[in-house]
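Below are the chains, spelled out letter by letter.
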Amino acid sequence: MTAQFTPDQFRALFPGLADTVHLASCSQGALSGELLFAIQEYLGSLRDQAVAWDRWMQEVETARGLFAQLIGARSDEIAVLSNASEAAYQVASSLRWDERPTIVTTDMEFPSVANVWLAQRPLGAKVCHVADRDGVVEAEDYVRSIDETTHLVSIPLVSYRNGARMPVREAVTRAREVGARVFVDAYQAAGVLPIDVREIDCDYLVTGALKYLLGLPGIAFLYVRDGLAAELEPRLTGWFGQRDPFGFDPRRLDFADHARRFETGTPAIASAYGAVAGLRTLARIDRHAGAAHVGDLVDETHARLVDAGERVWSPADPARRGPQVALVDDDPVALTRYLARRRIVVSPRGHVVRISFHAYNNRQDIDVLLAALADYRAGRAAT
Ligand SMILES: Cc1ncc(COP(=O)(O)O)c(C=O)c1O
């Protein structure tokens, strides 16, 4: 597989970008030709073979392997699940909270993950939220919250709220000092920022396929560090979590040895086709070159918005910015609708409009966005 595409060549793999400015990869990635083909291929397998379990299972394994490669893990360290919440639950359900009850998370965490931590309170867990300081979480605040009672430290690589990078290195170092485990939510980074789980040194890492991984909803990947899985027994299971899913033994619980023990029932096969297509498309661009291109677009957008007098809720320090710029607006939904009428896709959340970049975006996208925003402001001023 070649990794030599320039950003322009990469852009050409997404036919819809000919008439749409896609700045919402934080929500759903743009549709590639490869994804379209993969969906048709899945439908074709239903039409031609009707029942194609071998072929489908092969697709799930390909998705597992490609994702493992993307984050520097081994295939047997990856569980294929349905969504990030399910992954968080599987981790929580395999831990006990009596001796070390604390889960440290943050207000910048995506709710579905944080909600799973909160749901462990009836079982004895105590949840501590590290607050942000106006959209940025300081390393010292995370470090101070982690102590000998901490069992699990949960931290996103990048926050979904404004694209801020989180102090993962410092949190992991502190977690290691006190013997706590680390759960990383990479949903807003995987596919657009390079990730190496050995370098991060986390115990768990989760992401789904529909955003920067350029696939579909319905599938998520949970990395569980080698050697950890064998001690853990999740509370949710099913035939795919067993050593031999096709052994069909209802009298025996026989968890798979590695990360696959966190799996449950029938995987989302259509989504596995989508994930493979997304991961293969991503492999066409060098991940460091892609991330540098995105970093330039983010910095340029941030600067031009500030110059235009807009309020931006992403970090002022470029080193803390991820692939997204969060534009503050009184009515983010109305602004999003206005932009959508001009075929500019962004994503409203809370008090901001999230403008997110992938390697397929370019400087013309920023020009078009800023021109539309100026018209919107002028129109509003006139009414
Ligand atoms: C950081 C982050 N985590 C998780 C999710 C999704 O969680 P789930 O897969 O449980 O829907 C999202 C967005 O949808 C997200 O931005």
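Predicted, not measured: the structure shown is a model, and the values here were computed from it.

Conventions we followed
- Residues numbered from 1 in each chain as written.
- Predicted model: local features only at pLDDT ≥ 70, side-chain atom pairs only at ≥ 80, totals over all residues.
- Heavy atoms only, no water.
- Helix = DSSP H or I, 4+ residues; strand = E, 2+ residues; numbered from the N terminus.
- Expected span 1.5 Å × (residues − 1).
- Buried < 20%, exposed > 50% of the residue type's maximum accessible area, 1.4 Å probe, protein only.
- Polar contact = N/O pair within 3.5 Å; in protein donor to acceptor, adjacent residues only side chain to side chain.
- Phe/Tyr/Trp six-rings, centres within 6.5 Å; stacked < 30°, edge-to-face > 60°.
- Lys NZ or Arg CZ within 6 Å of the ring centre and 35° of its normal.
- Core = buried A, V, L, I, M, F, W, Y, C linked by side-chain atoms within 4.5 Å.
- Domains from an automatic or database assignment.
- Contact = heavy atoms within 4.5 Å.
- Near = heavy atom within 4 Å.
- Areas by Shrake-Rupley, 256 points an atom, 1.4 Å probe, with all protein chains shown as cover.
- Nonpolar A, V, L, I, M, F, W, Y, C, P; charged D, E, K, R; others polar.
- Pairing = 2+ DSSP bridges.
- Axes fitted to C-alpha atoms, helices over the stretch in contact; angles between N-to-C directions.
- 1 Å grid on protein atoms, 1.4 Å probe; cavity = no way out; pocket = protein on both sides within 12 Å on 5 of 7 lines; lining within 4 Å.
- Points joined across faces, edges and corners; volume = space filled by probe spheres on them.
- Right-handed = clockwise from strand over helix to strand, strands pointing away.
- Buried area = accessible area lost by both parts, 1.4 Å probe.
- Salt bridge = Lys/Arg side-chain N within 4 Å of Asp/Glu carboxyl O.

Asks: How do you make sense of helix α10 (residues 287-307) when you look at a structure like this?
Replies: Residues spaced three or four apart along an α-helix face the same direction, because each turn holds 3.6 residues. An ideal rise of 1.5 Å per residue puts 30 Å on 21 residues; α10 measures up with 30 Å between its terminal C-alpha atoms. The set of residues buried in α10 consists of Gly290, Ala291, His293, Val294, Leu297, Val298, Glu300, Thr301, His302 and Leu305. With a side-chain oxygen lying 3.1 Å from the backbone nitrogen of His288, the N-terminal cap of α10 falls on Asp286. Once α10 ends, the next one or two residues include Gly309, with phi positive near 85°.

Asks: Hey, could you run me through the packing of aromatic side chains in this one?
Replies: Two numbers describe a pair of aromatic rings. These are the distance of the centres and the angle of the planes. Using the criterion set out here, one finds 17 aromatic pairs in the structure. Ring plane angle 75° and centroid distance 4.9 Å describe the contact between Phe110 and Tyr160, whose orientation is recorded as edge-to-face. You can see Phe110 sitting in the loop between β3 (102-106) and α5 (111-118) and its partner Tyr160 sitting in the loop between β5 (150-156) and α7 (168-178), a full 50 residues away along the chain. Phe110 gets classed as partly exposed once you look at its relative accessible area, which sits at 35%. We classify Tyr160 as buried; its relative accessible area is 14%. Just above the ring of Tyr187 sits the side chain of Lys211; from NZ or CZ to the centre is 5.1 Å.

Asks: How should the nonpolar core be read in this particular structure?
Replies: Burial of nonpolar side chains together is a common tendency in soluble globular proteins. Core analysis: the largest hydrophobic core is formed by 88 residues, its most contacted members being Tyr142 and Leu205. The greatest single-element share of this core, amounting to seven residues, is contributed by helix α3 (residues 53-71). Two domains each donate at least three residues to this core, and these are domain 1 (7-23 + 286-382) and domain 2 (39-282). If we skip the residues at most four places from it in the chain, Tyr142 touches Val104, Thr105, Thr106, Val130, Val137, Val153, Ser154, Ile155, Pro156, Met166, Pro167 and Ala171. Counting residues in hydrophobic clusters, the runner-up holds 27 residues, among them Val91, Leu95, Trp117 and Tyr187.

Asks: Sorry if this is basic, but what is going on with the site of the ligand here?
Replies: Lining the immediate surroundings of the ligand are Asn83, Ala84, Ser85, Phe110, Ser112, Tyr160, Asp185, Tyr187, Gln188 and Lys211. Taking Lys211, its side chain carries an N or O atom lying 3.0 Å from an oxygen atom of the ligand. Alone, the ligand offers 400 Å² of accessible surface; in the complex the protein occludes 85% of this. Looking at the shell around the ligand residue by residue, the class counts come to four nonpolar, four polar and two charged.

Asks: Any chance you could explain the sheet that holds β3 here in plain terms?
Replies: Where strands meet in a sheet, backbone hydrogen bonds hold them as pairs that are either parallel or antiparallel. Read across the sheet, seven strands follow the order β2-β8-β7-β6-β5-β3-β4 without closing on themselves; strand pairing throughout is mixed. The sheet is open, and its two edges are formed by β2 (78-81) and β4 (126-130), each paired on a single side. Strand-to-strand twist in this sheet, taken as the mean axis angle between neighbours without regard to direction, amounts to 20°. Sheet analysis places β3 next to β5, joined by three bridges and oriented parallel.

Asks: Sorry if this is basic, but what is going on with empty space enclosed by the protein here?
Replies: A water-sized probe rolled over the atoms picks out the places where empty space is left. A full pass over the atoms with the stated rule returns one cavity of 30 Å³ or more. Considered as a void within the structure, the largest cavity measures approximately 40 Å³ in volume. Taken together, Asp76, Glu77, Val224, Arg225, Asp226, Gly227, Ala229, His258 and Ala259 form the lining of the largest cavity. For the lining of the largest cavity, a count of residues per class yields three nonpolar, two polar and four charged.

Asks: What exactly am I supposed to notice about the pairing of β5 here?
Replies: For a regular strand, side-chain orientation follows a simple rule: the groups alternate between the two sheet faces. Most of β5 is tucked away, with seven of its seven residues classed as buried. Pairing geometry for β5 and strand β6 (residues 181-185), over five bridges, is parallel. Counterpart to Pro156 in the pairing with β6 is Asp185. In this view, the connection linking β5 to its parallel neighbour β6 by way of α7 has right-handed handedness.

Asks: Looking at this structure, I do not really get the domain arrangement of the protein. What am I missing?
Replies: Considered domain by domain, the protein is made up of domain 1 (7-23 + 286-382) and domain 2 (39-282). Averaged C-alpha coordinates put domain 1 and domain 2 at centres separated by 28 Å. Listed as interface residues are 24 residues of domain 1 and, on the opposing side, 27 residues of domain 2. Interface area, domain 1 with domain 2, both sides summed: about 1,900 Å², of which 57% is carbon and sulfur. As a salt-bridge pair, Glu138 and Arg320 come within 2.9 Å of each other at their nearest N and O atoms. At the boundary of domain 1 with domain 2, the tally comes to 11 residue pairs in polar contact (both at pLDDT 80 or more). Those elements that place two or more of their residues in the side of domain 1 that touches domain 2 are α10, β9 (324-328) and β12 (352-356).

Asks: Is there a simple way to explain helix α11 (residues 332-341) in this structure?
Replies: Looking only at α11, the buried set comprises Pro332, Ala334, Leu335, Thr336, Tyr338 and Leu339. Looking at the packing, one finds that the buried side of α11 touches β9, β10 (344-345), β11 (347-349), β12 and α12 (363-382). Following α11 by one or two positions, Arg343 has its phi on the positive side, about 60°.

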